[in-house]
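One letter stands for each residue in the lines below.
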Amino acid sequence: NELVGPECENLTGGSPDSFGIARCQSIVRVPAACYIRYGLKWIAEASSLGELVSMVQAAELDADGFRVELVRLSKRLEIDRWEAMRRVADAIPSDPNMKSPKCRFLILSRENWWCLGDIITEQTHDYRIHDQKPHRTSSSLPSQLARALINLVVPGAKSIVDPCSGVGSVLLEACALNVACSGSDYNRRMVGMSRKNIQHFSYGASVSFADARELN
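Attention in this report is confined to the structure presented alongside it.

Rules used throughout
- Residues numbered from 1 in each chain as written.
- Predicted model: local features only at pLDDT ≥ 70, side-chain atom pairs only at ≥ 80, totals over all residues.
- Heavy atoms only, no water.
- Pairing = 2+ DSSP bridges.
- Helix = DSSP H or I, 4+ residues; strand = E, 2+ residues; numbered from the N terminus.
- Axes fitted to C-alpha atoms, helices over the stretch in contact; angles between N-to-C directions.
- Parallel < 35°, antiparallel > 145°, perpendicular 65-115°, else oblique.
- Left-handed = near helix turned anticlockwise from the far one by under 90°.
- Contact = heavy atoms within 4.5 Å.
- Nonpolar A, V, L, I, M, F, W, Y, C, P; charged D, E, K, R; others polar.
- Buried < 20%, exposed > 50% of the residue type's maximum accessible area, 1.4 Å probe, protein only.
- Arc of directions from axis to C-beta.
- Salt bridge = Lys/Arg side-chain N within 4 Å of Asp/Glu carboxyl O.
- Right-handed = clockwise from strand over helix to strand, strands pointing away.

Focus: the sheet that holds strand β6 (residues 180–185)
- Pairing in this open sheet of three strands is parallel, and the strands run β5-β6-β7 from one edge to the other. In this open sheet, the two edge strands, each paired with only one partner strand, are β5 (159–162) and β7 (206–209). Neighbour-to-neighbour, the strand axes of this sheet turn through a mean angle of 15°, independent of strand direction.
- Across four bridges, the pairing between β5 and β6 is parallel. Within β6, the position partnered with V161 by the bridge is S182.

Here it is as structure tokens:
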């Protein structure tokens, strides 16, 4: 959980509040995130569902082929989520498309706070492909955690060195984000597995047999 805030701040420039909402400078890096779920364009914000519906009606959104979704941010808020989505959808003067929407709206709700946003981008979980790396050990970093570590330094880092690279979990995530990287390990078996994992995904990182204490 302690990685959630720093990842969000580094990728978006926004710090999440206690409900997980961050008002961001940019959402372009959300697809590569581990813990950020959506990047939204704010549309309306209100203290009640009825007020939100009125604001959506006044906005006269042009969104043919839309779908409305809802995330409840507080378990203490008792709502009929389907009724809430229906009311907001009825306030949009366009035809919905539940199966293949051209655009998606998201309702966020908690006590005395409702908002509607247009989903511009969202997390892709593309790091999961590295869960299928051919070589691993019982101590290998999960791909999600390895991606989170990379997300703490990019953008900004021009290159990454992993001096104890093991089977290459961190290197795989750096390569996936087009960050120059190299690794080393004092265990020849690990070096071999790391190189094979990198080759499996057609990445270009180099891995050498070396003692981390002697690296310059």
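Following the structure, the description resumes.
Thoughts on the packing of helix α2 (residues 49–59) against helix α3 (residues 81–90)
- Contact pair α2 / α3: the axes reach a minimum separation of 8 Å and the direction vectors enclose 25°. Our classification of the angle between α2 and α3 gives roughly parallel. The crossing of α2 and α3 is right-handed. Of the residues in α3, those touching α2 at L49, G50, L52, V53 and V56 are A84, R87 and V88.
- Along the lines of polarity and charge, the residues of the contact of α2 with α3 split into six nonpolar, one polar and one charged.

Quick word on the sheet that holds strand β4 (residues 113–122)
- Sheet architecture is open: four strands sit in the order β1-β4-β3-β2, paired in mixed fashion. Each of the sheet's edge strands pairs with one partner strand only, and the pair in question is β1 (38–46) and β2 (66–72). Within this sheet the neighbouring strands show an average axis-to-axis angle of 30°, counted without direction.
- Pairing analysis gives eight bridges linking β1 to β4, with the strands arranged antiparallel. When the bridges of β4 are listed, G39 appears paired with T121.
- Running over the sheet, α2 touches β1, β3 (103–110) and β4 and is turned about 100° from β1.

Some remarks on α2
- Regarding α2, the residues found buried are L49, L52, V53 and V56. Down the axis, α2 shows its buried residues gathered within 100° of arc, on one side only.
- Taken from the residues just after α2, E60 is the one with a positive phi, measuring 50°.

Concerning the pattern of salt bridges
- Counted by the stated rule, this structure contains ten salt bridges.
- With its nearest N and O atoms 2.6 Å apart, the salt bridge here joins R86 to E83. Remark: E83 and R86 occur in helix α3; sequence separation between them is three residues, near one turn of the helix.
- For D211, the salt bridge identified is with R213, shortest N-O distance 2.7 Å.

Topic: the environment of Y186
- Position of Y186 among the secondary structure elements: in the loop between β6 and α6 (188–200).
- Distance from Y186 to L108, taken between C-alpha atoms, is 49 Å for residues 78 residues apart in sequence.
- Not counting residues up to four positions away in its chain, the partners in contact with Y186 are F209, A210 and D211.

Quick notes on the pairing of β3
- Most of β3 sits inside the fold, with eight of its eight residues counted as buried.
- Neither face of β3 is left uncovered, since the one carrying C103, F105, I107 and S109 and the one carrying R104, L106, L108 and R110 both have all their residues buried.
- Two strands pair when backbone bridges link them, and β2 and β3 are joined in this way by seven bridges, in the parallel orientation. In the strand pairing of β3, E69 is matched with L106.
- The parallel pair β2 and β3, bridged by α3, forms a crossover whose chirality is left-handed.
- Strand direction decides the pairing type here: β3 and β4, joined by six bridges, are antiparallel. Within β4, the position partnered with L108 by the bridge is C115.
- Here β3 folds back onto β4, and the loop between the two strands holds two residues, one of which, N112, carries a positive phi near 60°.

Interpretation note: all reported values are geometric properties and have no functional meaning in isolation.
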